[in-house]
Amino acid sequence: SLNYPVRALSFDPVYSGRIIAGTDRGLYQSQDNGLSWQTFSAATTGQLVNVGVATTRSYVFAGVYNGAGSTVELHKLGRDGSDSIINFPGTSPGKIFFDGWSNRLYIGTPYGVYRSSDEGATWQNLGGGFQTLGLVAKNSDIWQLSYDGLMYSNNDVASWKTLSSTGNLIEG
């Protein structure tokens, strides 16, 4: 079993039964739907992976935080064991999401949502609400949970619509 608090979770789109978990002590993987766990990346061992984990066909993206006063690093971990730190726009990402339908990577930040169509090499500011708490995307549909409420865009982010204000949301 995994003996650390899990902060983020991602299912592998290539290998059935493979799960990647971001914990208080690094990234771990399971090849058997969570029955057993192994260290995924030595580069993240002992680090707090609390921002998010997104798994693509080629990479695992993980937000790593080393504690108070440090910045969040966005790691791009290859299936071959490679690890590189990606520059991302603005301030620290709050959430990470990969849309397998459109092959786009999204990060939610304190000041809105950013999208990359080239695995983090470049980023486009999409706007959105203040302080991303949750993020989901499929094709051109994007949902962002933020301090401004539940936001939605269905037109590749030409505009955002507030679906629910913060007064109607329950954090869980």
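Structural notes, computed from the coordinates. (Residues numbered from 1 in each chain as written. Predicted model: local features only at pLDDT ≥ 70, side-chain atom pairs only at ≥ 80, totals over all residues. Heavy atoms only, no water.)

1. Description of the nonpolar core
Now for step 1: The biggest cluster of nonpolar side chains holds 11 residues, and these are Ala54, Phe61, Leu74, Ile86, Phe88, Ile96, Phe98, Leu105, Ile107, Tyr114 and Trp123.
Now for step 2: Only strand S9 (95–99) and strand S10 (104–109) provide two or more residues apiece to this core.
Now for step 3: Counting residues in each nonpolar core, the second largest holds 10 residues, with Ala8, Val49, Ala62 and Leu77 among its members. (Core = buried A, V, L, I, M, F, W, Y, C linked by side-chain atoms within 4.5 Å. Buried < 20%, exposed > 50% of the residue type's maximum accessible area, 1.4 Å probe, protein only. Helix = DSSP H or I, 4+ residues; strand = E, 2+ residues; numbered from the N terminus.)

2. Some remarks on the sheet that holds strand S4 (residues 38–39)
Backbone hydrogen bonds are what pair the strands of a sheet, in a parallel or an antiparallel way.
Now for step 1: Spatial strand order, S1-S2-S3-S4: 4 strands in an open sheet with antiparallel pairing. The open sheet has two edge strands with one neighbour each: strand S1 (6–11) and S4.
Now for step 2: Alignment of strand S3 (residues 26–30) against S4, held across 2 bridges, turns out to be antiparallel. Note on S4: the bridge partner recorded for glutamine 29 is glutamine 38. (Pairing = 2+ DSSP bridges.)

3. A word on the side chain of threonine 56
Now for step 1: Looking at the secondary structure, you find threonine 56 in the loop between strand S5 (48–55) and strand S6 (59–65).
Now for step 2: Of note is the side chain of threonine 56, whose polar atom sits 3.2 Å from the backbone nitrogen of serine 58.
Now for step 3: Not counting residues within four places of it along the chain, the set of residues in contact with threonine 56 comprises Pro13, Phe61, Arg79 and Phe98. (Polar contact = N/O pair within 3.5 Å; in protein donor to acceptor, adjacent residues only side chain to side chain. Contact = heavy atoms within 4.5 Å.)

4. Here's the deal with the environment of asparagine 87
Now for step 1: Among the structural elements, asparagine 87 can be located in the loop between strand S8 (83–86) and S9.
Now for step 2: Each C-alpha atom, one on asparagine 87 and one on tryptophan 123, is 9.4 Å from the other, the two residues being 36 residues apart in sequence.
Now for step 3: Apart from the residues within four sequence positions on either side, asparagine 87 is in contact with Gly120 and Trp123.

5. Things to note about the pattern of salt bridges
Pairs may arise between side chains of opposite charge once their charged atoms sit close together.
Now for step 1: All chains considered together, the criterion is met by 3 salt bridges.
Now for step 2: Among the salt bridges present, the one from aspartate 24 reaches arginine 7, with a minimum N-O distance of 2.6 Å. Taken together, the residues aspartate 24 in the loop between strand S2 (19–23) and S3 and arginine 7 in strand S1 connect sequence positions 17 residues apart.
Now for step 3: Since its relative accessible area comes to 17%, aspartate 24 is described here as buried.
Now for step 4: Where arginine 18 meets aspartate 12, a salt bridge forms, and the shortest distance between an N and an O atom there is 2.4 Å. (Salt bridge = Lys/Arg side-chain N within 4 Å of Asp/Glu carboxyl O.)

6. Looking at the packing of aromatic side chains
Now for step 1: Taken as a whole, this structure holds 3 aromatic pairs when the rule is applied.
Now for step 2: Considering the side-chain rings of tyrosine 59 and phenylalanine 61, the 6.2 Å spacing of their centres and the 55° angle between planes classify their relative orientation as tilted.
Now for step 3: Judged by relative accessible area, which is 0%, phenylalanine 61 ranks as buried.
Now for step 4: Relative to tyrosine 152, the ring of tryptophan 143 lies with its centre 5.1 Å away and its plane at 40°, an arrangement referred to as tilted.
Now for step 5: On the basis of relative accessibility, which here comes to 17%, the residue tyrosine 152 falls in the buried class.
Now for step 6: Above the plane of the ring of tyrosine 59 lies lysine 76, whose end atom (NZ or CZ) is 4.4 Å from the centre.
Now for step 7: Looking at lysine 138, its charged tip hangs above the ring of tryptophan 101, at a distance of 4.2 Å from the centre. (Phe/Tyr/Trp six-rings, centres within 6.5 Å; stacked < 30°, edge-to-face > 60°. Lys NZ or Arg CZ within 6 Å of the ring centre and 35° of its normal.)

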